[in-house]
Amino acid sequence: MQNTIKSPVVFEGVGLHTGAPVKMVLRPASAGHGVWFRRTDIQIGNALVPALWDVVERSPLCTRLVNHSGVSVSTVEHVMAALAGCGVHNCLIEIDGPEVPILDGSSAPFVRGIMARGVRRLAAPVLAFQVLKPITVEKDGAKATLLPSDKFEIEFHIDFADKAIGRQSKSLDMHNGTFARELCDSRTFCRQADVDAMHEKGLALGGTLDNAVVVDGDRVLSPGGFRHADEAVRHKMLDALGDLALAGGPIFGRYVGEKAGHSLTNTLLRALFQTPGAVRTILCDAEQADRLPGQGLVLSEIPNVA
């Protein structure tokens, strides 16, 4: 069955790139509503922005949604991953600025907030997308692929020159509470040189060592170091889940990312939906629904880091 949250949950923080304070409220929504953002600071025009792949303005740094009126919400990937990972299919997200708060740089605060309120079942079956044939996109040495599968799986491979990260690979079946247990507390990461370059361009103004893991060669500059030895690849998987959630429903397929980022994953979704015969919509029966992310998740399984 489709799910929503039982009651509103409030998050307050700053935007990673703007550094501006922002308040965001996740509200329950009815079956078939899907996930939408509403800019509460927009008084004139269309303030509603759908969380869908075809309104993504592709960027390597984050996922930015822009409606037909030019109203945007950026850095949506972490909250979208939290909703997908908790099995929430319907939600209205009210936000008073152009960027989702970064919080600790992971999805854990969102997941804990959602699960503290609880998830409510709705009287409607889940609409999902079943991948029927392989789809691959490539750019600048990066590759993203969706393969047919009777469940939802994510596999990711990264390779960074910085020894603190290096080569990492991980593969997970995303059923039940896998996302919350294995991925949700993994934070965004970057190189010190990239931070310096972004600051020069007026970006990442809200970034700190408390909401991102910053590395420099073989050193981890953030206090406490990594939460997991392979936190970097886990976070890339978190991002992939959030970006794939913009399909508009769960996916039955295997995602394989090789040095892929936000832009390439969105390109992959566009290729999936624009390739004849590559995907079909299905109404999940009980057995299929049990294989989706978030089914059976309980609050005690979420890492206590937020």
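What counts as what
Residues numbered from 1 in each chain as written. Predicted model: local features only at pLDDT ≥ 70, side-chain atom pairs only at ≥ 80, totals over all residues. Heavy atoms only, no water. Pairing = 2+ DSSP bridges. Helix = DSSP H or I, 4+ residues; strand = E, 2+ residues; numbered from the N terminus. 1 Å grid on protein atoms, 1.4 Å probe; cavity = no way out; pocket = protein on both sides within 12 Å on 5 of 7 lines; lining within 4 Å. Points joined across faces, edges and corners; volume = space filled by probe spheres on them. Nonpolar A, V, L, I, M, F, W, Y, C, P; charged D, E, K, R; others polar. Disulfide = S-S within 2.5 Å. Buried < 20%, exposed > 50% of the residue type's maximum accessible area, 1.4 Å probe, protein only. Contact = heavy atoms within 4.5 Å. Axes fitted to C-alpha atoms, helices over the stretch in contact; angles between N-to-C directions.

A.B. asks: So, the sheet that holds strand E6 (residues 56-57): which residues are in play, and what are the values?
C.D. replies: Strands sit in the order E6-E7-E8 across an open sheet of 3 strands; the sheet is antiparallel. Every interior strand has two partners, whereas the edge strands, E6 and strand E8 (72-74), have only one. When E6 meets strand E7 (residues 64-66), the two strands line up antiparallel, connected through 2 bridges. Paired with Val 56 across the strands is Leu 65, a residue of E7.

A.B. asks: Please set out the layout of surface pockets residue by residue, giving values where relevant.
C.D. replies: Its boundaries defined by the atoms lining it, the largest pocket holds a volume of some 1,100 Å³. The wall of the largest pocket is formed by 45 residues, among which Pro 60, Leu 61, Phe 189, Lys 236 and His 262 lie closest to the centre. Partitioning the lining of the largest pocket into residue classes produces 21 nonpolar, 14 polar and 10 charged. In this structure, the second largest pocket encloses a volume near 540 Å³. Around the second largest pocket sit 29 residues that line it, and His 89, Ala 245, Gly 248, Gly 249 and Pro 250 are the ones nearest its centre.

A.B. asks: Provide a residue-level description of the state of the cysteines, including the pertinent values.
C.D. replies: All chains considered together, the criterion is met by 0 disulfides. Cys 91 carries a free sulfur, and the closest cysteine sulfur to it, the one in Cys 86, is 11 Å from it. Here Cys 91 falls in the buried class, since its relative accessible area comes to 0%. Not engaged in a disulfide, the cysteine Cys 190 finds its nearest cysteine sulfur in Cys 62; these two sulfurs lie 13 Å apart.

A.B. asks: Explain the environment of Asp 196 to me, using residue names and the numbers behind them.
C.D. replies: Turning to its location among the elements, Asp 196 is positioned in helix H4 (residues 192-200). Residue classification places Asp 196 among the partly exposed positions, given a relative accessible area of 39%. Along the chain, Asp 196 and Ala 245 lie 49 residues apart, while their C-alpha atoms are 31 Å from each other.

A.B. asks: Describe the sheet that holds strand E18 (residues 219-220), naming the residues involved and giving the relevant values.
C.D. replies: On the basis of which strands lie adjacent, the open sheet formed by 3 strands has the order E16-E17-E18 and mixed pairing. Each edge of the open sheet is held by one strand with a lone partner, namely strand E16 (189-191) and E18. Of the strand pairs in this sheet, E16 and strand E17 (residues 213-216) are connected by 3 bridges, and their pairing is parallel. Looking at E17, one finds that Phe 189 is bridged to Val 213. On the sheet, H4 packs against E16 and E17 and is oriented at approximately 85 degrees with respect to E16.

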